[in-house]
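Per-entry structural report
If you want the building blocks of each chain, they are given just below.
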Amino acid sequence: MSRYNAIIQEDVASIVQELATPLRVLSGTTLLVTGGGGFLCSYFLDTVAHWNDTSGLSPCRMVCLDNLASGLPQRLAHLTKRSDFRLVRYDVSQPLALNESITWIIHGASIASPIVYRRLPIETMEVNANGTRHLLDVARQRRSRSMLYLSSSEIYGDPTAEWVPTPETYRGNVSCIGPRACYDESKRMGETWCWVYFRQHGVPVKIVRPFNVYGPGQRLDDGRIIPDLVSVGASFRIWSVRCWIKSRLCCSAMARPRGLFATCVMPSVPCG
Ligand SMILES: NC(=O)c1ccc[n+]([C@@H]2O[C@H](COP(=O)([O-])OP(=O)(O)OC[C@H]3O[C@@H](n4cnc5c(N)ncnc54)[C@H](O)[C@@H]3O)[C@@H](O)[C@H]2O)c1
């Protein structure tokens, strides 16, 4: 059954309406999305599909790479018959040979569920570190206009109290061993790959560090805090949620893809 429900459709229509002008650059281009069967990246694909249907401009071709390690085919079911969409089941930890033009890349493939990355730590490190490098190679070889890397707020680790809320300049308090290290440290390595390819090869890459994004279509069983709370229903203890939310930023799915899309199609601003 498709997960493209009325709420997601409404969100997507609103994103397309608000970003009508910046999204015009998509016309006649190709967008590669890794992890498109996942919660966040399926939003990008739905947004582009809606833009293609409503903009009156040449469509943007969508290529989705996902091995469905934690993604859901139901998130893509309504797209698979479209002529502007192609799903390739592929592990992006392996080198990629793409001969077509790739204008934009959104690299969101990762094992992001704490339950799954505890079970598959090596695969988690591979996709975040090696996978990111492979996508940077694609961006370089195909002369892509922009690559957006979805890193994570987990690169900050456990900020001490004076660093909450956490500024972008905070360098992190991260353990390189322990159950979360495979995710946190490999996201940091992914960022380093991006920075090096930007400096050395001029790859126009942008890094974003989502905090806790939640919304419709998210799996309730992946061990992240908001789905966990939703899945235990209204009986959860409000005080513990308040404490947690005070120390972590949360963001609804609708707000996040809007900002990420805008970031993807805007020019890079050098830093570091
Ligand atoms: N949702 C959040 O709150 C949040 C917070 C911080 C960072 N992020 C990052 O944003 C991205 C998307 O997160 P999400 O919440 O949508 O996660 P998700 O688990 O729903 O989606 C990740 C997708 O990547 C795919 N994938 C995993 N390994 C792969 C591989 N080797 N090759 C190809 N595909 C692979 C999975 O099958 C899945 O479809 C991830 O990189 C995640 O680390 C998300």
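What you are looking at is a predicted structure, and each value in this text was computed from that prediction instead of being measured.

What counts and how
Residues numbered from 1 in each chain as written. Predicted model: local features only at pLDDT ≥ 70, side-chain atom pairs only at ≥ 80, totals over all residues. Near = placed C-beta within 6 Å. Helix = DSSP H or I, 4+ residues; strand = E, 2+ residues; numbered from the N terminus. Nonpolar A, V, L, I, M, F, W, Y, C, P; charged D, E, K, R; others polar. Expected span 1.5 Å × (residues − 1). Contact = placed C-beta atoms within 7 Å. Buried ≥ 20, exposed ≤ 12 C-beta atoms within 10 Å, placed from the backbone. Pairing = 2+ DSSP bridges. Core = buried A, V, L, I, M, F, W, Y, C linked by C-beta atoms within 7 Å. pLDDT = per-residue confidence, 0-100. Axes fitted to C-alpha atoms, helices over the stretch in contact; angles between N-to-C directions. Parallel < 35°, antiparallel > 145°, perpendicular 65-115°, else oblique. Left-handed = near helix turned anticlockwise from the far one by under 90°.

1. Topic: the site of the ligand
- Near the ligand you find 31 residues, and of these Gly35, Gly38, Leu40, Gly71 and Ser110 are the closest.
- Elements represented by at least two residues in the shell around the ligand include exactly helix H2 (39-54), helix H4 (121-141) and strand E7 (212-214).
- When residues of the shell around the ligand are assigned to their parent elements, the largest contribution, 3 residues, is made by H2.
- When grouped by side-chain class, the residues that make up the shell around the ligand number 14 nonpolar, 15 polar and 2 charged.

2. Let's talk about helix H5 (residues 181-201)
- The end-to-end C-alpha distance of H5 is 29 Å, a good match for the 30 Å that 21 residues give at a rise of 1.5 Å each.
- Backbone geometry just downstream of H5 places Gly202 in the positive-phi region, at approximately 70°.

3. Re the environment of Cys64
- Examined against the element boundaries, Cys64 turns out to sit in strand E2 (residues 61-65).
- Separated by 30 residues in the primary sequence, Cys64 and Thr34 have C-alpha atoms spaced 5.7 Å apart.
- If near-sequence neighbours (up to four positions away) are discounted, Cys64 is found in contact with Val33, Gly36, Leu45, Leu76, Arg86, Leu87 and Val88.

4. Structural notes on the pairing of strand E5 (residues 146-150)
- Burial runs high along E5: 5 of the 5 residues are buried.
- Here E5 shows a buried face lined by Ser146, Leu148 and Leu150 and a second buried face lined by Met147 and Tyr149.
- With 4 bridges connecting them, E5 and strand E6 (residues 205-208) associate as parallel partners. Residue pairing for E6: Leu150 is matched across the bridge by Val208.

5. Focus on the nonpolar core
- Of all hydrophobic cores here, the largest spans 58 residues; its most connected members are Ile105 and Val205.
- Among the elements that line this core, the one with the most residues is H2, at 9 residues.
- Here Ile105 is in contact with Leu32, Leu135, Val138, Ala139, Ser144, Met147 and Leu148, once residues within four sequence places are set aside.

6. Quick word on the environment of Tyr90
- Mapping Tyr90 onto the fold places it in the loop between strand E3 (85-88) and strand E4 (104-107).
- Taking the C-alpha atoms as reference points, Tyr90 and Leu68, 22 residues apart in sequence, are found 8.5 Å from one another.
- In this structure Tyr90 touches Leu65 and Asn67, once residues within four positions along its chain are discounted.

7. As for the confidence of the model for the protein chain
- Within the protein chain, residue pLDDT values average 88, and 88% of them lie at 70 or more.
- Here residues 238-247 scores under 50 on pLDDT; set against residues more than four positions off or in separate chains, the count is 5 contacts.

8. Thoughts on the packing of H4 against H5
- H5 packs onto H4 with a crossing angle of 15° between their chain directions and a minimal axis gap of 8 Å. Classed by the angle they form, the pair H4 and H5 counts as roughly parallel. Relative to H5, the crossing made by H4 is right-handed. Taking contact as the criterion, the partners of Pro121, Thr124, Met125, Asn128, Ala129, Thr132, Arg133, Leu136 and Arg140 in H4 are, on H5, Cys182, Tyr183, Ser186, Lys187, Met189, Gly190, Trp193, Cys194, Tyr197 and His201.
- Grouping the constituent residues of the contact of H4 with H5 by class yields 10 nonpolar, 6 polar and 3 charged.

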